[in-house]
Amino acid sequence: MIGVGTTLALLWASGSLVAEALPGIPATSAAVTWAIPVTRVVGDLAAVATAGCLMAAALLAPGHRQMSVAGYRWTRMATWPAAVWLLSSILVAPLQLADFLGTDLASVSARGLFSFTTTIPQGQAQAAVAVLTLVLVIGSRLVLTTAGSAALLLIALLASLPPVFTGHAAGSGSHQAAISGLALHVLGVLAWAGGVLSLILIRRVPIAALQVAVTRFSAVAPLLVLLVALSGVLTAATRLTGVADLVDTDYGRQVVIKTAALLALGGLGWAHRRRTLPSLARGDHRAFRRLAISEVLVFAATIGVAVSLSRTPTPQTTPNPGEEEGSAFDALGFPLPPNPTPGQWWTQLWQPYPDPLFPVLIAGAVVAYVWAVRRRTQAGQSWPSWRTALLLGGATVLLVATTSGLARYALVSAPAHALQYLLLGLLGPALVLRAAPGQLLTDHLDRRSPATEPVMDDNRGAAQWLEAITSSRAALVLRRPAPALALFVVVVYLGYTGPVLEIVMRSHAAHVVSVIATFTAGMVLVRSWFDSDIPRKLRGWWIAGWTTIHVLVSVALLTWPTALAEGWWTEIDPAWRPSALTDQRHAAVVFLLVGLMTAGAIAVWALARASRSPSPVLQAENSDS
């Protein structure tokens, strides 16, 4: 009730609950205008509870190979909020359609609703949420393992994202930054608020299990607070035109209210660490539960503010010439880049792509790697400096591919797009793989006993999760050259076909998935080339097989009679770029020559290394990376 009341109060104060009737345009009924935010708040709160229970079951509760009692109860408990979340997503779809049509709910037909959920992005988002939450409802009643709870947690996080890509953020300028910032914000809130809520919902479990869960959550809570704060600032910055909007507009004033609520939540978290956690360690959980309940109530109000923000118009600005709806700027989220002249390429390379997601992920990985190296050296164990240099080099390559001016040009020029994906699929993975982050992480997480000794306790921590993932059936299959090559062909080469390429260019969500999938497929492929457990001659044959496929794909791209993703290249057509078909042929040449040179250098590196006797660190890396 707190969340619903907060939302309705803010929307009423801003006038957003009154449908404005314009001449010749039908007005949405009052019932629909009120029902949408109420249903959204209920669904968001249910999403928080679902994700929190599943996170507690998978990551916070004791239990490694077998689910603990606390994990079992958390998983089963997730069924009920997941069912509410499912019902909310089902109800929101017809309400949104009535809002779009400017009518009441009774005028929505089954045929119109089907068309809305299959052809309109907002309807498709709700349909995706409904399908995923249905899986959660069923799965939470069936799974009996910690890994199963982790899979459901992943589905819950995915289910929270479709509306992100169709709301305010998707329609704003620099929409890449707005969407990625909001996605990080939503995931951070789900983990933070859901974690706190799950800890007070559980009952009738040993106090030791609650202590383990609280200790694990408190270790990551500061990072979640930082993620929510930074992503919130980024999201607000993409929608406000200036500091004055915080005072002069309804949207800005609600941002201030939400900021104050987040500061209050940060203060409550600090109080947990200073007061209630020591009491819990002594076996008294009452103070912890009292403060946690207060924290959950503030979270409910904060989520209510967030829903009100999603229904409140953002500050409007007059578009600059060339930035109108339907323009290239509107499709790209940034102005068309200039002609990439040889004398200015360095300056153009430093014009960043407006998306914070990959810089945050890459920076986090680098910080974790350097921190692990430092902890290892402090423990008296050396780590080759050249491996750290390779990691930094790989991170630089990935930053260039995802965040520099190259990423801008990749959306308007086929050769730049080909170069981007070669960096993501070959050079970046090779440098990161040879930095041996898997071996470093394994050594850091689990120094209790040699890898051949069994784990004595039944707690699944980070080390056990890493072991479970790397020794899973899927991971073992992908270590073989044939599946590794097949994955690369499907993700990289088939992903370059016309329909898929068009989707990747037009959808930021598809672009993010494509980048992650390409890097993952490259890591799997390059690892098979370096695997010393596979005979050198056999690896040479598989590398030759990849080379043959790469040449065939490049020649096919060079001789293809029509341009792939022609609709996109026609819409985004800078004056300096040749025709779409000519540009595609230039991309085929880049794809062929740069791909062969990069893969050739990696192959020489991999096969030359096989002739030398590997060190113990390298041997361990081949089994753990």
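In this text, all values refer to a predicted model and were calculated from it rather than measured experimentally.

What counts and how
Residues numbered from 1 in each chain as written. Predicted model: local features only at pLDDT ≥ 70, side-chain atom pairs only at ≥ 80, totals over all residues. Heavy atoms only, no water. Helix = DSSP H or I, 4+ residues; strand = E, 2+ residues; numbered from the N terminus. Buried < 20%, exposed > 50% of the residue type's maximum accessible area, 1.4 Å probe, protein only. Contact = heavy atoms within 4.5 Å. Core = buried A, V, L, I, M, F, W, Y, C linked by side-chain atoms within 4.5 Å. 1 Å grid on protein atoms, 1.4 Å probe; cavity = no way out; pocket = protein on both sides within 12 Å on 5 of 7 lines; lining within 4 Å. Points joined across faces, edges and corners; volume = space filled by probe spheres on them. Nonpolar A, V, L, I, M, F, W, Y, C, P; charged D, E, K, R; others polar. Expected span 1.5 Å × (residues − 1). Polar contact = N/O pair within 3.5 Å; in protein donor to acceptor, adjacent residues only side chain to side chain. Salt bridge = Lys/Arg side-chain N within 4 Å of Asp/Glu carboxyl O. Axes fitted to C-alpha atoms, helices over the stretch in contact; angles between N-to-C directions. Parallel < 35°, antiparallel > 145°, perpendicular 65-115°, else oblique.

Peer 1: Could you give an account of the environment of Leu-153, naming the residues involved and the relevant values?
Peer 2: Looking at where Leu-153 falls in the secondary structure, it is placed in helix H7 (residues 146-159). Residue Leu-153 is classed as buried on the basis of its relative accessible area of 10%. Each C-alpha atom, one on Leu-153 and one on Ala-57, is 9.0 Å from the other, the two residues being 96 residues apart in sequence. Look past the residues within four positions of Leu-153 in its chain and what remains in contact with it is Ala-51, Leu-54, Met-55 and Leu-59.

Peer 1: Tell me about the nonpolar core, and name the residues and values.
Peer 2: By size, the foremost hydrophobic cluster in this structure holds 73 residues, and its most contacted members are Leu-426, Phe-488, Trp-529 and Trp-546. Counting residues per element, this core draws most heavily on helix H18 (residues 414-434), which supplies 12 residues. What Phe-488 contacts, discounting residues up to four positions off in sequence, is Gly-425, Leu-426, Tyr-493, Ala-521, Gly-522, Leu-525 and Trp-546. With 55 residues, the next largest nonpolar core counts Val-196, Leu-199, Leu-210 and Leu-277 among its residues.

Peer 1: Break down empty space enclosed by the protein for me, citing the residues and quoting the values.
Peer 2: Using the criterion set out here, one finds 5 cavities of 30 Å³ or more in the structure. Estimated volume of the largest cavity: approximately 60 Å³. If you trace the largest cavity, you find it lined by Ala-414, Tyr-496, Leu-501, Leu-564, Trp-569, Ala-580, Asp-583 and Gln-584. At 3 residues, helix H27 (residues 580-610) tops the list of elements feeding residues into the lining of the largest cavity. Among the residues forming the lining of the largest cavity, the class breakdown is 6 nonpolar, 1 polar and 1 charged. Of the volumes computed, that of the second largest cavity is approximately 40 Å³. Taken together, Tyr-353, Ala-407, Ala-410, Leu-411, His-417, Gln-420, Tyr-421, Val-504, Met-505 and His-511 make up the lining of the second largest cavity. The residue makeup of the lining of the second largest cavity, split by class, is 7 nonpolar, 3 polar and no charged.

Peer 1: Any chance you could break down helix H6 (residues 121-139) for me, citing the residues and the numbers?
Peer 2: Taking 1.5 Å per residue as the helical rise, H6 with its 19 residues ought to reach 27 Å, and the 27 Å between its terminal C-alpha atoms agrees with that figure. Buried within H6 are the following residues: Gly-123, Ala-125, Gln-126, Val-129, Ala-130, Thr-133, Leu-136, Val-137 and Gly-139. The inward-facing, buried residues of H6 contact helix H2 (30-60), helix H4 (79-101), helix H5 (110-119) and H7.

Peer 1: An account of helix H24 (residues 508-530) is needed here, citing residue identities and associated values.
Peer 2: Between the first and last C-alpha of H24 there are 33 Å, a value that for 23 residues agrees with the 33 Å anticipated at 1.5 Å per step. Backbone nitrogen of Ala-509 and a side-chain oxygen of the N-cap are separated by 3.4 Å at the start of H24; the cap is Ser-507.

Peer 1: Tell me about the pattern of salt bridges, and please be specific about residues and values.
Peer 2: Per the stated rule, a full pass over the model turns up 5 salt bridges. With a closest N to O distance of 2.7 Å, Asp-250 and Arg-253 form a salt bridge. With Asp-250 and Arg-253 both in helix H11 (residues 250-281) and 3 residues apart, the pair spans about one turn of that helix. In this structure, Glu-571 engages Arg-506 in a salt bridge whose closest nitrogen and oxygen atoms are separated by 2.7 Å. Of this pair, Glu-571 sits in helix H26 (residues 566-571) while Arg-506 sits in helix H23 (residues 498-506), and the two are 65 residues apart along the sequence. In this structure, a network of salt bridges that share partners links the residues Glu-502, Arg-506 and Glu-571.

Peer 1: Pulling in residues and values, what's your account of the packing of H5 against H6?
Peer 2: Taken N-terminus to C-terminus, the directions of H5 and H6 make an angle of 90°; their axes are 5 Å apart at the nearest point. In terms of axis orientation, H5 runs roughly perpendicular to H6. When H5 is examined against H6, the residues Phe-116, Thr-117, Thr-118 and Thr-119 are found in contact with a partner set consisting of Pro-121, Gln-122, Gly-123, Gln-124 and Ala-127. A class-by-class count of the residues in the contact of H5 with H6 yields 3 nonpolar, 6 polar and no charged.

Peer 1: Run through the side chain of Thr-249, naming residues and quoting values.
Peer 2: Considering the arrangement of structural elements, one finds Thr-249 in the loop between helix H10 (245-248) and H11. Only 2.6 Å separates the side chain of Thr-249 from the backbone oxygen of Asp-245, close enough to count as a polar contact.

Peer 1: Which residues make up the side chain of Ser-180, and what values go with them?
Peer 2: Residue placement: Ser-180 occurs in helix H8 (residues 175-201). Side-chain polar atoms of Ser-180 contact the side chain of His-508, separated by 3.0 Å. Discounting chain neighbours no more than four positions away, the residues touching Ser-180 are Asp-355, Pro-356, Leu-357 and His-508.

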